[in-house]
Amino acid sequence: MNYAVKNIYGKTLKEKITVSVPGSKSITARALLLAAIADGVSTLNGAQFSDDCQTFLNCLKNLGIRAECNGTTVKVVGCGGKLKAESAEINVGSAGTAARFLPAFLAFQKGRYTLNCSDQMKRRPVAPLIKSLKLLGAKFTFNEEENCYPFIIEGTENSADTVEVDISKSSQFLSALLISAVCAGKPLNIKTVGSHGFDYVKMTLDMMWSFGVSVEEKDGMYTVNGMYSAKQYDIEPDISAACYFYAMNKILGTDISVKGVMPHSMQGDIKFINLLQDFNGGKIDMHAFSDQTITLAAIAPYLDNPTEIVNVAHIRGQECDRITAICENLAVMGIKYEERNDGIKIYPSQPKSATIKTFGDHRVAMGFALTGLRADGIIIENAEVCSKTFKNYFEVLDGVCGKLTV
């Protein structure tokens, strides 16, 4: 479906609006896997079940993990680190977290497992993780391209004691190994090479601690030992989803807040909300909260000064080449920009009417909807792609706009 954005600039009331967003996708995915590995029954409250997290849960169920959902609450019966099923077929779809976390889990299992995916996922980086899992002792059979999805993985019950992982392209490779390392049944040392945003790694470590496993770290070497205990766990609201509404405040002068968002959130995108308070253009390194690159690019035409986003080259390998997607959409709106290998510089000006091409990427759809709140004739093509992480985003957006302009 296409979505015609309403230009509400200059038509809004000054009253405060509170919005609810789904639970954190990143925390939900980690909590599902931690609960699945734990010994006992865990209850997860506030879980998100947009496409990515539903895919993650479906994969766990296909691997024999028992789980029961009631709204945003899910009860998971953990396997104590070892699956009973020695063969299974799962499809990770376009869910990046499932695509990285589940192979690491299966690398420690006794069995042979087939992993399929969407065409989009075949193009996303996973080779550094596969290399590490091979070093652990797992074996792979690739059905198409070498070191890419789809593939068959044969796990090992006698893994190596130490493994190295290159996280230059994604910190998820490290998080995947950290979470499932307990399945080795012995201390496992994980050495990191390269660097990436460590906010999500810190989130992983904090959640592992909540489930009963402390990790030692020294000079880039992580040592994992122990086993998770089942527990009741409350999931934070998704800060990435909340960012769109705080970005609205920046360009409309509104007073929207998101229920449950706290300044001490463990999610890295809280940095974007803090940035918005004083930012009015300038040079900004968004490596640590790169999911909001499109959001900032979408509102950058309305800021007083040019906006230069740097150190986000890795977003070219996400759901789409996000830097190219930004450039193409700015171009059709008549916005001047300069493309860089690792980012983009955007100059202030009033966008023209245009149809936004989403490239199958949820963040393109949700981010550029903000541009249309202050410009006439902005249409979001294939707006349904937002279901990947925020199924009813455009319904919520309509509701907010209605309350602001009543």
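Residues numbered from 1 in each chain as written. Predicted model: local features only at pLDDT ≥ 70, side-chain atom pairs only at ≥ 80, totals over all residues. Heavy atoms only, no water.

**Things to note about helix 8 (residues 239-252)**
Over its 14 residues, helix 8 runs 20 Å from end to end, which matches the ideal 20 Å to within 8%, given 1.5 Å per residue. For helix 8, the buried fraction is high: 13 of the 14 residues fall into the buried class. Regarding helix 8, its N-cap is Asp238, as a side-chain oxygen of that residue lies 2.9 Å from the backbone nitrogen of Ser240 further along. At the exit of helix 8 stands Gly253, carrying a positive phi of roughly 70°. (Helix = DSSP H or I, 4+ residues; strand = E, 2+ residues; numbered from the N terminus. Expected span 1.5 Å × (residues − 1). Buried < 20%, exposed > 50% of the residue type's maximum accessible area, 1.4 Å probe, protein only. Polar contact = N/O pair within 3.5 Å; in protein donor to acceptor, adjacent residues only side chain to side chain.)

**Considerations on the sheet that holds strand 12 (residues 215-218)**
Strand order in the open sheet made by the four strands is 10-11-13-12, with mixed pairing throughout. Every other strand in the sheet has two partners, leaving strand 10 (162-166) and strand 12 as the edge strands with one partner each. If you compare each strand with its neighbour and ignore which way they point, the axes differ by 25° on average. Sheet topology note: the strand 11 (residues 188-193)/strand 13 (residues 221-224) ladder contains four bridges and is antiparallel. Bridge pairing in strand 13 places Asn189 opposite Thr223. Across the face of the sheet, helix 5 (residues 127-136) comes into contact with strand 10 and strand 11 while running at roughly 170° to strand 10. (Pairing = 2+ DSSP bridges. Axes fitted to C-alpha atoms, helices over the stretch in contact; angles between N-to-C directions. Contact = heavy atoms within 4.5 Å.)

**Observations concerning the environment of Val213**
Of note, Val213 is situated in the loop between helix 7 (199-210) and strand 12. For Val213 and Val182, which are 31 residues apart along the polypeptide, the C-alpha to C-alpha distance reads 8.5 Å. The residues touching Val213, leaving out its near neighbours within four places in the chain, are Val182, Met208, Val224, Asn225, Gly226, Met227 and Tyr228.

**So, the packing of helix 1 (residues 25-37) against helix 6 (residues 172-180)**
Here helix 1 crosses helix 6 at 25°, and the two axes come no closer than 10 Å. Put simply, helix 1 runs roughly parallel to helix 6. The element helix 1 and its partner helix 6 pack so that their crossing is right-handed. The segment helix 1 lies against helix 6, with Arg30, Leu33, Leu34 and Ile37 engaging Ser175, Ile179 and Ser180. Grouping the constituent residues of the contact of helix 1 with helix 6 by class yields four nonpolar, two polar and one charged. (Parallel < 35°, antiparallel > 145°, perpendicular 65-115°, else oblique. Left-handed = near helix turned anticlockwise from the far one by under 90°. Nonpolar A, V, L, I, M, F, W, Y, C, P; charged D, E, K, R; others polar.)

**Considering unusual backbone geometry**
Across the junction of Tyr149 and Pro150, the peptide omega takes the value -5°, indicating a cis bond. Relative to the assigned elements, Pro150 resides in the loop between strand 8 (139-142) and strand 9 (151-154). In this structure, Asp219 is a non-glycine residue whose phi angle is positive, near 55°. With respect to the helices, strands and loops of the structure, Asp219 is situated in the loop between strand 12 and strand 13. Backbone geometry at Asn382 places phi at a positive 55°, although glycine is not the residue there.

**Describing the pattern of salt bridges**
Should the charged atoms of two oppositely charged side chains come close, the side chains can pair. Considering all chains together, one arrives at 21 salt bridges under this definition. A salt bridge links Lys122 to Glu144, with the nearest nitrogen and oxygen atoms 3.1 Å apart. Within this pair, whereas Lys122 is found in helix 4 (residues 119-122), its partner Glu144 is found in the loop between strand 8 and strand 9, the two being separated by 22 residues in sequence. Taking relative accessible area as the criterion, Glu144 reaches 47% and is therefore assigned partly exposed. Salt bridges here are not isolated pairs; linked through shared partners, they connect Lys25, Asp52, Arg124, Asp291, Glu319, Arg322, Asp361, Arg363 and Lys388. (Salt bridge = Lys/Arg side-chain N within 4 Å of Asp/Glu carboxyl O.)

**Overview of the pairing of strand 5 (residues 73-77)**
A one-sided burial pattern is seen for strand 5, the buried positions being Val74 and Val76 and the unburied ones Thr73, Lys75 and Val77. Relative to strand 5, strand 3 (residues 41-45) runs antiparallel, the two sharing four bridges. Bridging across to strand 5, Leu44 finds its partner in Val74. Adjacent in sequence and paired antiparallel, strand 4 (residues 66-70) and strand 5 are bridged by two residues, among which Gly71 carries a positive phi angle near 65°.

**A short note on the environment of Ala104**
Inspection of the secondary structure puts Ala104 in helix 3 (residues 96-106). C-alpha of Ala104 to C-alpha of Leu174: the two residues are 70 residues apart in sequence and 9.8 Å apart in space. Setting aside residues no more than four positions away along its own chain, Ala104 makes contact with Leu133, Ala176, Leu177 and Ser180.

**Focus on the pairing of strand 9**
Where strand 7 (residues 112-116) meets strand 9, four bridges bridge the pair, whose relative direction is antiparallel. Among the inter-strand pairings, Leu115 is bridged to a residue of strand 9, identified as Phe151. Pairing between strand 8 and strand 9: four bridges, direction antiparallel. Each residue of the ladder has a partner; that of Phe140, found in strand 9, is Ile153.

**Here we look at the packing of helix 3 against helix 6**
Packing of helix 3 against helix 6 brings their axes to within 8 Å, and their N-to-C directions diverge by 40°. Considered as vectors, helix 3 and helix 6 are oriented oblique to each other. The chirality of how helix 3 crosses helix 6 is right-handed. Where helix 3 abuts helix 6, its residues Gly96, Thr97, Arg100, Phe101, Ala104 and Phe105 lie against Gln172, Phe173, Ser175, Ala176, Leu177, Ile179 and Ser180. Across the contact of helix 3 with helix 6, the residue classes break down as seven nonpolar, five polar and one charged.

**Here we look at the side chain of Thr389**
On the secondary structure map, Thr389 appears in the loop between strand 21 (378-380) and helix 13 (393-405). Thr389 gets classed as buried once you look at its relative accessible area, which sits at 6%. A polar contact is formed between the side chain of Thr389 and the side chain of His362, at a distance of 2.9 Å.

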